[in-house]
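Summary of the model geometry
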Amino acid sequence: MPLMETLVKPVALKTKLCAERVDMVFHRDTKTTEVLNDINLEVSDGEFVCLLGPSGCGKSTLLSIMAGFLTPTSGHIRIDGEVVRGPDPRRIFVFQERGVFPWLTVEGNIGFGLFRLPRPEREQRIAYYVKMVGLQGFEKTYPPELSGGMKQRLEVARALAVNPDMLFLDEPFGALDSITRLIMRGELLRIWEAERKTIIFVTHDIDEAVQLADRVVVMSARPASVQQIVSIDIPHPRDISSPRYLELRDGIFKQIGLAHRV
Amino acid sequence: MVGGIADLVRHGLLLKYVVASLFRVTWGFVLAVIFAIPIGLTIGWYRRAQMAFNPIIQILRPISPLAWIPIAILWFGVGDLAAIFLIFMGCFLPLLLTAINAVQSIPLVYINAGRNFGLRPAELVYRVLYPAVIPKLIVGLRITLGIAWLVVVAAEMIAVSSGLGFLIVDARNAGNRYDLVVAGMVLIGIIGLLLDVGIRSLERVKSFRWSYSED
Ligand SMILES: Nc1ncnc2c1ncn2[C@@H]1O[C@H](COP(=O)(O)OP(=O)(O)OP(=O)(O)O)[C@@H](O)[C@H]1O
Ligand SMILES: [Mg+2]
């Protein structure tokens, strides 16, 4: 047993992503907006982290910086010890459903990032991920003919198909109805448990964060800094009426200053 | 009018005129497409270029292509080249503006997604930029081909001595043959319609169709 521990622990605690003193200031015309203020954060390999904060605080900005789409004004992001200098297929950003390419079929979208693979392998992977996200029968369909939830699953499948080791999800289920949203959360957890990717998930839904994450990073209003990090020590599948769940959730509500106002 | 057309057909003139007009339209239009679209896509991609070129474009834009007729004749004399030049001038700016606008309205998420999957710049152009701008370009091509067909008729009235525009002025000058004038106009209308139908068939290509079915 002690031997097991020494074998498992270092792996589980390996740092995947590290934000070091990240500041972001936008300049537009004469207006300057300070969006991120001294963000420091460490995310372990295989961890599921939710970024939670009020609308407009800078969550998407932080996620775009982590994914390499934006360069911070100062500070930097390290992934696997290397400073991020741009987007990389080893870490895929999921843009809600808006990122699927409308000019490609379901198959075309899922295969989009697989262009360097030989054809048989590519087709095999496409078929695998079509099945994983339950889009069988829609292989030749174009996205405008899919529902919002199907487009969302399609974009997740496109991301998973290139076998990234990180996923950045920006309010991926925000536009879905509450039933589909619950199903999608279950699916995402299932995928995460099967493939153990490091996931950074932006949301402004407290329940969503507490249901999904290993840790919830609570961000302050703009300019955003890390206000608190809450570890959710409840194993999956989580019982959302358990006292511990409610305690953690209410703690976060208080933290954000909403406790007695709702 | 039917008699007029029959006359023309008998003399083999009709086919000759139709071919002459289509020949000029094709060259003027195709040359404009070849130049305007790559230039427009490039200008649209680089915001600075757009700011630099915008004043020139805005000054040239309100000038009717027909205002170029004297210059066309000065440079190219009376003949096919002058007509082709006029059509080119009529098509170039609308196509340029279409291409600039098409690039600028590509949602940033598509470009970011493309970059995220590790596309090199050339692959990004071919696999994201190009399909993303195609629907807008097709609309622009359609409108511009209509313009080209308008311009060729006007150009032929002045700058050449063949083609359907020439047929109309010539029929009037040579003894007020208004039956031929009307016949010429009807033909122009029909051919214009056929050109439009032809280019609209592009809109039915499946992978081009996304922007028409959505919002
Ligand atoms: N490119 C930009 N130029 C100028 N300001 C920007 C830019 N992008 C974002 N901002 C500003 O930065 C702030 C944070 O935006 P961001 O999209 O990161 O917020 P968010 O936390 O994701 O909000 P939401 O929950 O509503 O999505 C906003 O005030 C926004 O106006
Ligand atoms: Mg956001």
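Residues numbered from 1 in each chain as written. Chains lettered and ligands numbered in written order. Predicted model: local features only at pLDDT ≥ 70, side-chain atom pairs only at ≥ 80, totals over all residues. Heavy atoms only, no water.

Residue and element names in this part refer to chain A. Domain annotation for chain A reports domain 1 (4-90 + 166-255) and domain 2 (102-163). Computed over C-alpha atoms only, the centres of domain 1 and domain 2 are separated by 25 Å. Taken together, the contacts link 12 residues of domain 1 with 12 residues of domain 2. Taking both partners together, domain 1 and domain 2 bury about 970 Å²; carbon and sulfur atoms supply 68% of that area. (Domains from an automatic or database assignment. Contact = heavy atoms within 4.5 Å. Buried area = accessible area lost by both parts, 1.4 Å probe.)

What follows deals with the sheet that holds strand β2 (residues 31-44) of chain A. All names here are of chain A. If you trace the 4 strands from one edge of the open sheet to the other, you get β2-β1-β4-β5, paired in antiparallel fashion. Two strands bound the open sheet, and with one partner strand each, they are β2 and β5 (82-83). As paired elements, strand β4 (residues 74-79) and β5 share 2 bridges and run antiparallel to each other. Its bridge partner being in β5, I79 is matched across the sheet by E82. In the packing of helix α2 (residues 59-67) onto the sheet, the strands contacted are β1 (15-28), β2 and β4, and the crossing angle to β2 comes to about 60°. (Pairing = 2+ DSSP bridges. Helix = DSSP H or I, 4+ residues; strand = E, 2+ residues; numbered from the N terminus. Axes fitted to C-alpha atoms, helices over the stretch in contact; angles between N-to-C directions.)

All names here are of chain A. Looking at the secondary structure, you find R122 in helix α4 (residues 119-132). Separated by 83 residues in sequence, R122 and D205 place their C-alpha atoms 36 Å apart. When sequence neighbours within four positions are dropped, the list of residues in contact with R122 reads G111, L114, F115 and L117.

This part is about the site of ligand 1. All names here are of chain A. Around ligand 1, the structure places 13 residues, and the nearest of them are S55, G56, S60, T61 and R222. One of the backbone N or O atoms of G56 is found 2.7 Å from an oxygen atom in ligand 1. Between ligand 1 and K59 there is a distance of 2.8 Å, counted from an oxygen atom to a side-chain nitrogen or oxygen. If ligand 1 stood free it would expose 630 Å²; the protein chains cover 67% of that surface. The leading source of residues in the shell around ligand 1 is α2, at 3 residues. Partitioning the shell around ligand 1 into residue classes produces 3 nonpolar, 6 polar and 4 charged. (Near = heavy atom within 4 Å. Polar contact = N/O pair within 3.5 Å; in protein donor to acceptor, adjacent residues only side chain to side chain. Areas by Shrake-Rupley, 256 points an atom, 1.4 Å probe, with all protein chains shown as cover. Nonpolar A, V, L, I, M, F, W, Y, C, P; charged D, E, K, R; others polar.)

To continue, consider the nonpolar core. One finds L36(A), F48(A) and F168(A) to be the most contacted residues of the largest nonpolar core, which totals 145 residues. Every residue in contact with F168(A), bar those within four places of it in the chain, is listed here: L17(A), L63(A), M66(A), A67(A), I79(A), R91(A), I92(A), F93(A), V94(A) and I200(A). (Core = buried A, V, L, I, M, F, W, Y, C linked by side-chain atoms within 4.5 Å. Buried < 20%, exposed > 50% of the residue type's maximum accessible area, 1.4 Å probe, protein only.)

All names here are of chain A. A cis amide bond links R222 with the next residue in sequence, P223, at an omega value of -5°. The topology assignment puts P223 in the loop between β9 (215-219) and β10 (226-231). Cis geometry is adopted by the peptide bond preceding P237, which originates at H236 and carries an omega value of -10°. Positive phi outside glycine occurs at R21, with the angle close to 45°. If you trace the backbone, R21 turns up in strand β1. Although it is not a glycine, D80 adopts a positive phi angle of roughly 50°. By secondary structure assignment, the location of D80 is in the loop between β4 and β5.

With that out of the way, let us pick up the sheet that holds β9(A). Residue and element names in this part refer to chain A. Spatially, β6-β7-β8-β3-β9-β10 is the arrangement adopted by the 6 strands of the open sheet, whose pairing is mixed. In this open sheet, the two edge strands, each paired with only one partner strand, are β6 (91-94) and β10. With strand direction ignored, the average angle separating the axes of adjacent strands in the sheet is 15°.

Next up on the list: the interface of chain A and chain B. Counting residues at the interface gives 25 residues for chain A, matched by 22 residues for chain B. Counting each side, the surface lost to burial between chain A and chain B is near 2200 Å², with a carbon and sulfur contribution of 65%. Where chain A touches chain B, the interface holds 1 salt bridge. In this structure, E123(B) engages R116(A) in a salt bridge whose closest nitrogen and oxygen atoms are separated by 3.4 Å. There are 6 residue pairs in polar contact (both at pLDDT 80 or more) connecting chain A and chain B. Contributing elements (two or more residues each) for the side of chain A that touches chain B: β6 and α5 (148-161) of chain A. Looking at the side of chain A that touches chain B residue by residue, the classes come out as 16 nonpolar, 2 polar and 7 charged. (Salt bridge = Lys/Arg side-chain N within 4 Å of Asp/Glu carboxyl O.)

A separate point is the packing of aromatic side chains. In this structure the tally under the stated criterion is 20 aromatic pairs over all chains. For the pair Y128(A) and Y129(A), a centre-to-centre distance of 4.9 Å together with 85° between the ring planes defines the contact as edge-to-face. When its relative accessible area of 48% is taken as the criterion, Y128(A) is described as partly exposed. On the basis of relative accessible area, Y129(A) is assigned to the buried category, the value being 6%. A network of ring pairs unites the aromatic residues F101(A), W103(A), F112(A), Y110(B) and F117(B) as a single cluster. Sitting over the face of the ring of F112(A), R127(B) holds its NZ or CZ atom 4.1 Å from the ring centroid. (Phe/Tyr/Trp six-rings, centres within 6.5 Å; stacked < 30°, edge-to-face > 60°. Lys NZ or Arg CZ within 6 Å of the ring centre and 35° of its normal.)

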